[in-house]
Structures are given as structure tokens and as C-alpha cells.
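Residues per chain, in single letters:
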Amino acid sequence: MPTSFSLSRRNFLAGAGIAAASAAALGLSGCAQPKSASSKAQDSAKGSSTASGSTVGYDGTGTMPWLGEKPSISDSDVEETLNADVVVVGLGAAGVPAARAAAEAGAHVVALEASASLNSVASDMAIFGGQTQAKWGRGDGFLDKKTIVNMHMSECSHHCNQRIIEKYYTESGKALDWFVEASKDLYFSPETYSEIPAESQSNYMYPYFVPMLPSYDYTKEDMPCYPTSVGFSSLKTVMQDNLQVAVDKGADVRYNTKGVELITDDSGAVTGVYAQESKSSKYIKINAKSVIIATGDYLMNEDMMKFYAPQCIENGIKTLSLDMDSTGGYTNVGDGHKMGVWAGAAIEQWHAPMIHHMGGGAGADGRGVIGNNGYLWLNLRGERFMNEDVAGQQLENQVELQPQRKAYQFFDASWPEQLQYFPAAHGVACYYLESELPDYTASGLKINCRTAADIDQAVAENRCLKADTIDELLSKIDGMDVDTAKKSIERYNELAKAGSDEDFGKSSQRLFALENGPFYAAECGTALTLGNLGGFDSDEDCHVYNTNREQIKGLYTCGATQGGRFNVQYPISLKGLSCGMCMVYGKIAGENAAAGK
């Protein structure tokens with residue numbers, strides 16, 4: 001085994017550190033950390049399934065049991081009337097740039113948000129080219145467009161709209177340049193783990209994997225994770241700066257106010273929206289030339305999850321949601337989807353649950369004990385059941401097929417020197433540290449790093465089992481077929497020493513025999529659903545289409561309500577993809593809505 005590639009804290013902070021990928025997923029790609037969640041959201045993650053009762057799904061009639069009756073609002077119900085050029089419904093990762101872009105284009109903007117402040121639950125974006133990325137040698141032309149787009153289409157089983165993916169690749173670099181220019185005190189870290197000046201530690205931006213892990217070559221990976229992602233220590237701060245641009249240009253921002261119903265004329269064109277403040281029984285009527293729906297996903301709507309993701313219900317997948325209004329209720333409940341359908345909009349057929357496994361025994365920060373690394377995984381029968389060298393979404397898919405939807409991840413005392421050979425990818429522990437990162441370190445940067453103290457803490461908290469011998473370790477696993485497990489481990493060790501996985505075809509550089517005690521095992525159940533992505537039939541200009549595939553005039557969409565982005569499953573080759581798309585298509589929606597094109 002080659003010498004371990006490890007780093008001291010001093011070397012990390014001197015700028016010699018190697019980059020890491022974050023848990024984009026614990027927000028929307030993408031992705032915030034559990035420790036930042038409210039107590040109510042944490043209760044949801046710990047104790048309740050996405051939905052209860054029998055699943056629904058399509059019944060052949062075209063009925064949408066989640067839709068409910070369209071509101072009946074009359075002039076007598078209206079307490080305030082406003083006029084606008086553009087109304088933005090929802091101020092999250094897509095709505096904020098939409099409001100700014102529309103306001104900068106000269107439109108009078110009214111922006112509605114059901115929460116008491118803008119929503120920011122992510123930290124990372126996948127971005128291609130541009131001047132900001134050029135700071136890290138990843139400017140225009142760094143990655144091949146054909147390769148990236150084709151991989152995305154393949155990961156989504158070619159159900160998504162290729163024009164949307166193509167335009168994202170083309171526009172994301174300059175969109176990021178535009179987005180970050182609003183935050184005047186944003187500091188750009190020269191490398192992933194460079195020391196951040198004290199005055200910039202609350203608002204900095206960094207690239208992932210700069211410099212690249214020496215052992216990782218994405219061009220030779222069966223499941224590559226492309227080196228294109230950037231992260232923010234506080235994306236919310238940068239979003240607030242973007243929203244302030246809109247406010248400075250005259251945007252009227254209404255918090256604690258949700259969109260309720262689109263207003264249409266006799267031709268079906270959208271001419272405004274009814275809104276409602278959280279403590280009012282009356283409505284606000286907003287006449288507008290264009291309306292942008294950017295209300296996020298519908299993860300916390302039980303009926304919608306039953307209809308569009310019944311497998312999540314059947315498998316008992318739990319949820320984590322951070323989107324709350326001022327009363328403590330969830331805001332990602334499909335209000336925007338309902339508004340669109342009531343106005344005639346079509347919703348795409350194939351939706352994508354975001355269930356990215358972070359490895360066994362995840363702690364309060366969302367990190368699995370040893371990441372979602374492709375060590376040996378055994379089910380309760382004691383059987384090895386897959387090529388473990390796959391990404392978190394695929395790991396989740398395989399765990400769901402096992403007895404009790406559970407497996408165990410095994411590693412031994414050689415883990416510090418082995419981490420360097422795992423992929424530079426989301427959720428993977430691929431760097432060994434001698435000591436912890438500084439307290440100011442962005443949460444996303446901690447995902448790929450482990451110290452001995454991390455493992456010791458996991459053992460102390462019973463998130464990881466530890467024993468001096470394999471026999472002792474297996475005896476601690478309740479329900480494990482010990483005899484079969486011992487045979488599986490013996491077989492795996494033979495394959496590892498031979499350097500060829502004849503059983504499942506795992507890369508030889510990630511075949512590590514279990515032979516150096518102490519030995520460890522982390523329980524891997526199903527992970528959390530972080531979002532369910534599916535939206536309106538739409539295009540690369542953010543137009544919305546009706547069930548006859550005709551454009552609904554005056555209506556635009558961006559973010560999780562924009563269809564054609566993700567289908568079947570959330571892609572894993574680009575980290576922070578959902579949040580990046582929200583920003584890019586928020587900008588495009590705002591510009592097009594303001595221009596009326």
C-alpha cells in the first residue's frame with residue numbers, strides 16, 4: 001500500500017489542503033446540514049415517514065387527488081389591490097435571482113414569500129466556466145459540454161428536457177459571475193482549504209477539489225463526479241445581497257404572504273395572482289403582466305408524495321425539510337404546483353426523489369461515520385450484494401432492496417491511509433486529517449474529511465461498532481447471519497489480495513481487505529428524502545405549458561417547479577446541481593418575464 005496521503009492542520013490552512021465535496025443534499029442540492037435545521041425539522045427527520053397510509057399513484061382517470069378545489073375568490077374578499085409588471089411567488093434559490101433580474105431589467109416587481117424571510121437551505125452550485133470559475137483554473141471550456149449534457153440525460157433516463165440542460169451548461173458561468181457581484185464583501189478562497197482572513201470568515205466562497213486529489217481522475221471513473229462545484233460559507237448572505245439589489249430598484253417584497261391563485265383572462269393567459277398574508281382571511285389582488293412561480297418542491301405534501309413518489313412511502317423513507325413559515329408550518333407543500341394546475345398547466349410525469357445516502361451512522365452534522373465510501377457492505381443475511389463503488393443515490397437504491405432495508409459498512413484500522421483512494425465526490429470521506437478544521441469552516445467542506453476523533457466519537461455515540469476481532473464485531477450486530485458474514489469477508493479478502501473483484505467488478509484501487517484490527521461496522525438504513533423534484537412542463541426560457549403543450553402566456557417558472565430538469569433520480573455527477581439550476585433559471589425567468597418574451 002502506498003504511503004498515506006494525509007494533511008496536518010497547518011498544511012491545510014497554509015493552502016496546501018485538498019478540496020472536498022459537501023452534503024449538498026441536505027438542502028436542495030443539493031444542500032444544508034441537519035444541525036442547522038429547526039427542532040421541528042429534526043423531529044421530522046427522526047421520527048415520521050414522508051406520508052402514511054396506502055399509496056395512490058396514477059389510477060388511469062387523470063384525477064389528481066392532491067389538487068383540491070380551486071379557491072373561489074371574489075372582489076369582496078380583496079383587501080388590497082396592487083399593480084406590477086412581474087410578480088415573483090417564492091423567494092428561495094430561484095425566486096431571489098428572478099426578482100433581482102426582473103428589477104434590473106426595469107420591471108416593477110412584487111415578490112411574495114410565505115416565510116418570514118427568504119429561504120436558503122443549500123450551500124453549493126455546479127457551474128461551468130465564467131470569470132469566477134476561472135479564478136480556480138476552471139473557466140470557459142474546462143469541461144466538455146457534450147460529455148456533461150449526455151451524462152445528465154443518461155442519469156435521468158432521457159426523460160428531462162435536453163434544451164434545459166444544454167442552456168444551463170452554456171449560461172451558468174456568466175450567471176454565477178452576475179450572482180456573486182451583488183455581494184461586495186464576498187471573499188474568494190484561492191483553494192478549497194485555504195486559511196480565510198478573520199474579516200471574511202462569515203462570507204466566503206470556495207471551489208471544491210482545488211487542488212484535485214492526486215489519486216482521482218474523473219475521466220477514468222465509471223461514475224464520475226465532475227470537478228465543477230463551488231460552495232458558500234453563507235449562501236443566504238449572498239442571496240440577501242441579491243435581493244437587496246431588487247429592493248434598491250423598487251421591488252416590493254412581501255414576507256409572510258403566499259400566492260394562492262393565478263388570475264387568468266378569457267384566453268387563459270395569466271394576468272396576475274391572488275395572495276394572502278399569513279394572519280389574514282382576506283386577499284391581495286396583484287394585477288401583473290407576468291407571474292413567476294418559484295415556490296419550491298412539495299416534499300411535505302403527503303398526498304402529492306403518494307401520487308408522484310409512492311415508492312418513497314412504501315419504503316418508509318423519512319424526510320428532512322427546512323422550509324417553514326412564521327407559524328412553524330412547512331412551505332414546501334406544492335402551493336405553486338396547485339396554482340399552475342388550476343390555471344391549466346401540465347405537470348411532467350417523471351419526478352426525482354433526492355435521497356442521497358451519506359453512509360452509515362450519520363451524526364448531527366449529516367456526515368456518515370466513514371462517508372458513503374465503497375468499503376465492504378453486507379446485508380443482514382451476511383451477504384455482499386453490490387459493487388460498493390457507487391454514489392450515494394445508487395447506494396440508497398441498493399439498501400432499499402435488502403432485508404429490513406438495512407446493511408452494514410465494514411472497515412478496519414487502516415482507514416486513514418485508505419481514504420485517499422476513494423472518489424473526490426459528494427458524501428465521500430477522501431481526506432484524513434490529523435486534527436479538526438477550524439470552527440469557521442463551511443459545513444460542506446467537512447463532508448470529505450475525517451479525523452481519528454471523528455471515528456472515536458461515532459463509536460462512543462454508538463453510531464459505529466468497534467471490536468478487536470471480526471468474530472467479536474459480527475457478534476455485536478443484531479440479526480446478522482454470522483457464519484455467512486464470515487464467509488463473505490473471507491471471500492472479499494481473497495478478492496482484495498488478488499486485486500480483482502470477480503464477483504461485482506469493483507475498482508481494484510478500492511478493494512481493501514479487512515485484516516488490521518480494530519475492526520468497525522456502521523449500520524446503513526435508508527437515508528432521508530431531501531426533496532422531490534418534479535414540476536411544470538416547461539422550456540429553457542422558463543415558459544409553462546398546458547396539457548395540450550401550448551404555452552400559457554404570462555406564466556413563467558424556475559426552481560423546483562420547473563420541469564425537465566431532473567427525472568427518475570437526482571443526478572450525482574454534478575454536485576450542487578439543483579441549487580445551481582435554481583440560480584441560473586431564476587435569472588433567466590426574471591429577464592424573460594420582464595421582457596414579456
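Residues numbered from 1 in each chain as written. Predicted model: local features only at pLDDT ≥ 70, side-chain atom pairs only at ≥ 80, totals over all residues. Heavy atoms only, no water.

What about the overall build of the chain?
- On a plain count of helices and strands, the chain comes out with 17 helices and 22 strands.
- Along the longest, intermediate and shortest principal axes, the C-alpha atoms of the chain span 75 × 55 × 40 Å.
- The buried share among the 597 residues of the chain stands at 61%.
- Carbon together with sulfur atoms contributes 44% to the accessible area of the chain, which is approximately 22100 Å² in total.
- Side-chain charges in the chain split into 49 positive and 73 negative, and the spacing between the mean points of these groups amounts to 2 Å. (Helix = DSSP H or I, 4+ residues; strand = E, 2+ residues; numbered from the N terminus. Buried < 20%, exposed > 50% of the residue type's maximum accessible area, 1.4 Å probe, protein only. Areas by Shrake-Rupley, 256 points an atom, 1.4 Å probe, with all protein chains shown as cover. Lys, Arg positive; Asp, Glu negative; His and termini not counted. Charge placed at Lys NZ, Arg CZ, Asp CG, Glu CD.)

A look at the sheet that holds strand S14 (residues 376–379)
- Pairing is antiparallel in the open sheet, where 4 strands are placed in the order S14-S15-S19-S18. The sheet terminates laterally at S14 and strand S18 (465–467), the two strands that pair on one side only. The mean angle between the axes of side-by-side strands here comes to 25°, regardless of whether they run parallel or antiparallel.
- Both S18 and strand S19 (residues 519–524) contribute to a ladder of 3 bridges, which runs antiparallel. Pairing of Ala 467 across the sheet is with Phe 519, part of S19. (Pairing = 2+ DSSP bridges. Axes fitted to C-alpha atoms, helices over the stretch in contact; angles between N-to-C directions.)

Structural notes on the UniProt feature "domain: FAD-dependent oxidoreductase 2 FAD-binding" (unreviewed entry) in the chain
- UniProt tags residues 85–570 as "domain: FAD-dependent oxidoreductase 2 FAD-binding" (unreviewed entry).
- Overall, residues 85–570 shows 26% helix and 20% strand. The separation of its end C-alpha atoms is 34 Å. (UniProt positions renumbered as here; feature names shortened; annotations may be inferred.)

Points about the pairing of strand S2 (residues 78–89)
- Summarising the sheet, S2 and strand S11 (residues 283–293) pair through 10 bridges and their orientation is parallel. Each bridged residue has a counterpart across the sheet, and for Val 86 the counterpart in S11 is Ser 290.
- In the sheet, S2 pairs with strand S3 (residues 109–112) via 4 bridges, with the strands oriented parallel. Note on S3: the bridge partner recorded for Val 87 is Val 110.

Let's talk about the sheet that holds strand S7 (residues 229–232)
- In spatial order, the strands read S4-S7-S6-S5; together these 4 strands make up an open sheet with mixed pairing. Unpaired on one side and paired on the other, strand S4 (124–126) and strand S5 (187–188) mark the two borders of the sheet.
- Here helix H6 (residues 162–180) sits on the sheet in contact with S4, S5, strand S6 (204–207) and S7, set at roughly 25° to S7. (Contact = heavy atoms within 4.5 Å.)

Some points on helix H11 (residues 392–399)
- In terms of residue burial, H11 counts as a mostly covered element, since 6 of its 8 residues are buried.
- Taken as a whole, H11 has its buried residues at Gly 392, Gln 393, Gln 394, Leu 395, Glu 396 and Val 399.

What to know about the packing of helix H3 (residues 95–104) against helix H17 (residues 577–595)
- Two numbers describe how H3 lies on H17: the axes approach to 7 Å, and their chain directions differ by 35°. Both H3 and H17 take part in a crossing whose hand is right-handed. For the pair H3 and H17, contact is made by Pro 97, Ala 98, Ala 101 and Ala 102 and by Cys 582, Met 583, Gly 586, Lys 587, Gly 590, Glu 591 and Ala 594, respectively.
- Along the lines of polarity and charge, the residues of the contact of H3 with H17 split into 7 nonpolar, 2 polar and 2 charged. (Left-handed = near helix turned anticlockwise from the far one by under 90°. Nonpolar A, V, L, I, M, F, W, Y, C, P; charged D, E, K, R; others polar.)

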